Amino acid sequence: MNSYSLDYIDDLYVQYVRDPSSVSDTWRQYFEQFLVVSNKSSFKKNGDVTSGSAAAGNATAAVDRRGSTGNETTDQAIWMSRIQDRVNQLVREYRVRGHLAAQLDPLGILKSDSPELSPQLYGISDQDLERPLDSSALENVSGSTLHAILTKLQNTYCRSIGAQFMHIDNRNIRDWLQKRMETTENRLELSHQVQRRIYARLADASIFEEFVRRKFVGAKTFSLEGAESLIPMLDLALEKAGQHQVKEVVMGMAHRGRLNVMANILKKRAMNIFWSFDDPDPELSRGGGDVRYHLGYSSDWVTATGDKIHISLCFNPSHLEYVNTVALGRCRCKQDYRKDTKRSEVMTILIHGDAAFAGEGVVQETLNLSELEGYRTGGTLHIVINNQVGFTTEPRQGRSTTYATDIAKMLQIPIFHVNGEDPEAVAQVVSLAMDFRKEFHRDVVIDLYAYRRWGHNEGDEPRFTQPRMYSEIDRRASVREQYLNRLVEIGEISVEEGEEIQQKRTEKLESEFEASKNEPFVPDTQTLAANWSVYYGGLEPSETTDTTVDQTKLSELLDSLTRLPEGFAANKKLKRPMALRREMAQGKKPLDWASAEAAAFATLLTEGYPIRMTGQDVQRGTFSHRHAVLHDTKNGETYMPLAHLSDDQASVELYNSPLSEAGVLGFEYGYSLDRPDGLCAWEAQFGDFWNCAQVIVDQFIASAEDKWNRLSGLVMLLPHGFEGQGPEHCSARIERFLAMSAEHNIQVVQPTTPAQLFHLLRRQVLRKWRKPLILLSPKSLLRHPLVVSPIEEVAGGQFHKILGDDQIPLATCKRLLMCTGKIYYDLLEARESREIKDVAIMRIEQLYPLQAETLTAAIDGLPAGTDIRWVQDEPTNMGAWPYIKLNFGDMVAEKHKFTVISRDESASPSTGSMAAHKIEQAELIDAAFADL
């Protein structure tokens, strides 16, 4: 079949119309069937091409080439049958590619075009455009002529809004979007009140920026000028949220426009913002705090109908997009607190920059979490402030995609591009986006095309690198002025009313500015409240927390963890560990590492403390030790014994995460910010892998209390130990955590017994002191015969920061070996095999916080001059030694010779050769016991 074949069929069809008997029976039957079909419907929904006849697919109407049949009705039927597929395809092109022709760039620099939208490309002439056309078969699009239909499509997809949605596989979603857009031509009919509200919000935004720039000349504010439409967009989004019965909104954003959002959306007093510029009491911030455009804030928003929404703007460092999953984690936690299983009462709004959205990999991680069971929040509203430049980097240098938002096409969600200088188009887009989120519980993206009037910040000169762009910007009035002119033209507001609105806002800011100069300075620090009211930070308390449990109760819980539902077919290899755990419960065998962890979880759950744990393969455990979630070998169904301990137990969630570190750790950190009363944990597959999430550790976990007065009890479980598995599977980089340790900001702990793990996990939850816990967990020790604890020690003991030697008294030893972690067992085995009786081994279990007096007390009784050697697997420049030497070296050296036994200084954590590893390990152990 080719174009010549179509001409032949056209000729046959014209003959058939004039005289049905002039064609063969086969063709006559075919044309008769075709006419029946074409009279019913020429088009399918969504613009999908109908499988009509070959004649209907011909681009050129045969009647145009060969003249009329003499019957007007017949001529029209022939024309319709032949043009319908091409019209159908053209309509589809508008839905697929209309955004390419939309007028999105307020500066007019970005020239858009889509030749696929030309009717001539489909063999449709100007004469065809004006022919009467039956559009009843076109879903949502009506018109008496093709010209009228195309005009409506152009209005819908090619004005100030560009919509990308045809990549969505779900037909119901596409249908819903088409109907919402095409029946309204993508334009809201705004009331007088809403138009005035939009103008008022634009005035709020622009006047605030102008005022601050005038009063604080040269100060960095990361102005919103050029993208002021963000404020009415957020205003309308919150109003919609109220209509949708949303009770809380968690917001995350970078620094551009942050002060404006705090002033005009979160209603932070302008006086407090002005104080941050004047910095009237710098002594309060010595060694702490953060710049004004990184700070968070929270307040209540009251909608026009009286609904109250609590808004939390997350604090955020300059690492732009890394706050995304932190905000999502907070949202998920708030939903869980409310028992909001429909994920409808709390939502997240994330405000991005165009360059960061396209460039930061954590954006992909954020989007990927959106539909996963363990991370779903019911849909996030993403707003991209499209500056059309990243600092000085143009889009052609910063991304390989047409749009900054193209990464979002990985999801089955719409992406709306909108011209930021058309506030009414902005209103339509945000209304549509919020309704989409409510209807389908999915993310939605708004790409707000704007510009930066003052460059990256107020001290920058953008004309060095974007002269053409800024020549256009310099000529432009603000969007507030443009919208006022429009409202005046259509009679919705007078010039005087617009000036009055402007004047009132200026006067209010002047009043706040005077107050900042005359009223006594009071730090605007939001205190820990609500569910955080009984928890505290600061220095580690000296009192011991009671972590004991009733031994009988502990035995019962351990035993219950081995009981499976009737008929559940567990893997045969689990029978032996289950049987061993029952013996542990009975006190016949000591507990191993996995059982102690499970026991800690079980006791906390039955005492009412919820548990959430995620990470790569946490349900089974990377080293096949946990088996918290069991799989039926016959039907694949799962069973979690921890969820079936008692009728009144707390909730427990264990989710295998995607292959992500930064995004997932950020999510769990965010979750922990709103969950002080439970155990929130993230486990790395190998301890080394947290370096993929170092931004989350550096900028949030280690410093949030110091910068933002925010506490977290997050637990990071990081498998650590030198066992010959190579550089990327040995070291959790203890030295990095210890280098970040100060002011008791985090806990760095490496427990070496199951009992220590049990009490450590319980202590983390039971005491009210809330700090992140870096738990360096083992690998080979998970099944080491010496790494066990009797049930009595588990039930009745406590966590010890330092474990002394219970076999060799300090007073009689000739040498003390200090260490942490796995190497203790290597030293212990070597001492026993060599029958050495005068070398004691001491374990530092809590590396930080570790007070000098604690260590002094631990070595009290050691004769002066006794040799003390710090022994570690890691190279000299890594591990705990640099920290130990810096903080305790001088103190210990006052009475003792203090040296290190370690691998040589190295750029890489370890060798990749198992044989070389064994040689190094043997030399290290020999050196520890040498010269006795």
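Quick caveat: nothing in here was measured; it's all calculated off a predicted structure.

(A) Structural context of the overall build of the chain. Across its full length, the chain holds 32 helices and 22 strands. Considered along the principal axes of its C-alpha atoms, the chain spans approximately 120 × 80 × 50 Å. Expressed as a percentage of the 932 residues in the chain, the buried residues total 58%. Put simply, 80% of the contacts in the chain that link residues at least 6 apart link residues at least 24 apart. Element-wise, carbon and sulfur atoms account for 48% of the exposed surface of the chain, whose accessible area totals about 37800 Å². If the 105 positive side-chain charges of the chain are averaged to one point and the 129 negative ones to another, these points end up 2 Å apart.

(B) Representation of the sheet that holds strand β12 (residues 652-656) in the model. Reading across the sheet, the seven strands line up as β12-β9-β13-β14-β16-β15-β20 and stay open at both edges, with mixed pairing between neighbours. For this open sheet the edge positions go to β12 and β20 (846-848), each flanked by a neighbour on one side alone. Between one strand axis and the next, the sheet turns by 20 degrees as a mean value, whatever way the strands run.

(C) Inspection of the side chain of Glu597 at higher detail. If you trace the backbone, Glu597 turns up in helix α22 (residues 593-606). Under the relative-accessibility criterion, Glu597 is labelled buried at 4%. Once residues within four sequence positions are removed from consideration, Glu597 is found in contact with Arg626, Leu717, Leu757 and Leu761.

(D) Looking closely at the pattern of salt bridges. Applying the stated criterion to the full structure yields 56 salt bridges. We note a salt bridge from Arg28 to Asp25, for which the minimum N-O separation is 2.2 Å. Taken together, the positions of Arg28 and Asp25, both in helix α2 (residues 25-40) and three residues apart, correspond to about one turn of that helix. We classify Asp25 as partly exposed; its relative accessible area is 47%. Between Arg563 and Asp559 there is a salt bridge, with the nearest N and O atoms lying 2.9 Å from each other. One connected set of salt bridges, linked through shared partners, spans Arg197, Arg201, Asp204, Asp235, Glu239 and Arg505.

(E) Layout of the pairing of strand β7 (residues 415-419). With five of its five residues buried, β7 lies for the most part within the structure. A two-sided burial pattern is seen for β7, the buried positions comprising Ile415, His417 and Asn419 on one face and Phe416 and Val418 on the other. Note that strand β1 (residues 161-164) and β7 share four bridges and pair antiparallel. Within β7, the residue paired with Gly162 across the bridge is His417. Handedness of the crossover is the feature at issue here: the chain leaves β7, passes through helix α16 (residues 423-440), returns alongside strand β8 (residues 444-449), and the resulting connection is right-handed.

(F) A look at the packing of helix α8 (residues 192-215) against helix α19 (residues 495-518). In the contact formed by α8 and α19, the axes pass within 9 Å of each other and the chain directions differ by 45 degrees. Viewed along their axes, α8 and α19 adopt a mutual orientation that is oblique. Between α8 and α19 lies a crossing of right-handed hand. The residues of α19 that touch α8, namely those facing Arg196, Tyr199, Ala200, Arg201, Ala203, Asp204, Ile207, Phe208, Phe211, Arg214 and Lys215, are Glu497, Gly498, Ile501, Gln502, Arg505, Thr506, Leu509, Glu510 and Phe513. Of the residues contributing to the contact of α8 with α19, the split by class is nine nonpolar, three polar and eight charged.

(G) Spatial organisation of the state of the cysteines. With the rule as written, the count across this model stands at zero disulfides. There is no disulfide at Cys819, and the cysteine sulfur nearest it, in Cys813, is 14 Å away.

(H) Broad picture of the sheet that holds strand β17 (residues 802-803). Read across the open sheet, the five strands follow the order β17-β19-β18-β21-β22; overall the sheet is mixed. Since the sheet does not close on itself, it has two edges, and those belong to β17 and β22 (897-903), each with one partner. Bridging between strand β18 (residues 815-819) and strand β21 (residues 867-875) involves four bridges; their strand directions are parallel. Pairing of Met818 across the sheet is with Trp870, part of β21. The strands touched by helix α31 (residues 881-893) are β21 and β22; relative to β22, the strand with the most contacts, the crossing angle is about 165 degrees.

(I) A look at the packing of aromatic side chains. Overall, the coordinates contain 24 aromatic pairs when judged by the stated rule. Centre to centre, the rings of Phe686 and Phe689 are 5.7 Å apart; their planes meet at 65 degrees, and the pair counts as edge-to-face. Comparing Phe686 with Phe689 shows no difference in burial state: the two are buried. Chaining the aromatic ring pairs together yields one cluster made of Phe211, Phe216, Phe274, Phe277 and Phe513. Above the ring of Tyr337, the side-chain terminus of Arg675 is found at 4.3 Å from the ring centroid. Here the basic side chain of Arg843 rests over the ring of Tyr824, its NZ or CZ set 3.7 Å away from the ring centre.

(J) Fine view of α22. End to end, α22 covers 20 Å across 14 residues, agreeing with the expected 20 Å (1.5 Å per residue, within 8%). The element α22 is largely enclosed, with a buried count of 13 among its 14 residues. Positioned one or two residues after α22, Gly608 has a phi angle of 100 degrees, which is positive.

The rules behind each value
- Residues numbered from 1 in each chain as written.
- Predicted model: local features only at pLDDT ≥ 70, side-chain atom pairs only at ≥ 80, totals over all residues.
- Heavy atoms only, no water.
- Helix = DSSP H or I, 4+ residues; strand = E, 2+ residues; numbered from the N terminus.
- Buried < 20%, exposed > 50% of the residue type's maximum accessible area, 1.4 Å probe, protein only.
- Contact = heavy atoms within 4.5 Å.
- Areas by Shrake-Rupley, 256 points an atom, 1.4 Å probe, with all protein chains shown as cover.
- Lys, Arg positive; Asp, Glu negative; His and termini not counted.
- Charge placed at Lys NZ, Arg CZ, Asp CG, Glu CD.
- Pairing = 2+ DSSP bridges.
- Axes fitted to C-alpha atoms, helices over the stretch in contact; angles between N-to-C directions.
- Salt bridge = Lys/Arg side-chain N within 4 Å of Asp/Glu carboxyl O.
- Right-handed = clockwise from strand over helix to strand, strands pointing away.
- Parallel < 35°, antiparallel > 145°, perpendicular 65-115°, else oblique.
- Left-handed = near helix turned anticlockwise from the far one by under 90°.
- Nonpolar A, V, L, I, M, F, W, Y, C, P; charged D, E, K, R; others polar.
- Disulfide = S-S within 2.5 Å.
- Phe/Tyr/Trp six-rings, centres within 6.5 Å; stacked < 30°, edge-to-face > 60°.
- Lys NZ or Arg CZ within 6 Å of the ring centre and 35° of its normal.
- Expected span 1.5 Å × (residues − 1).

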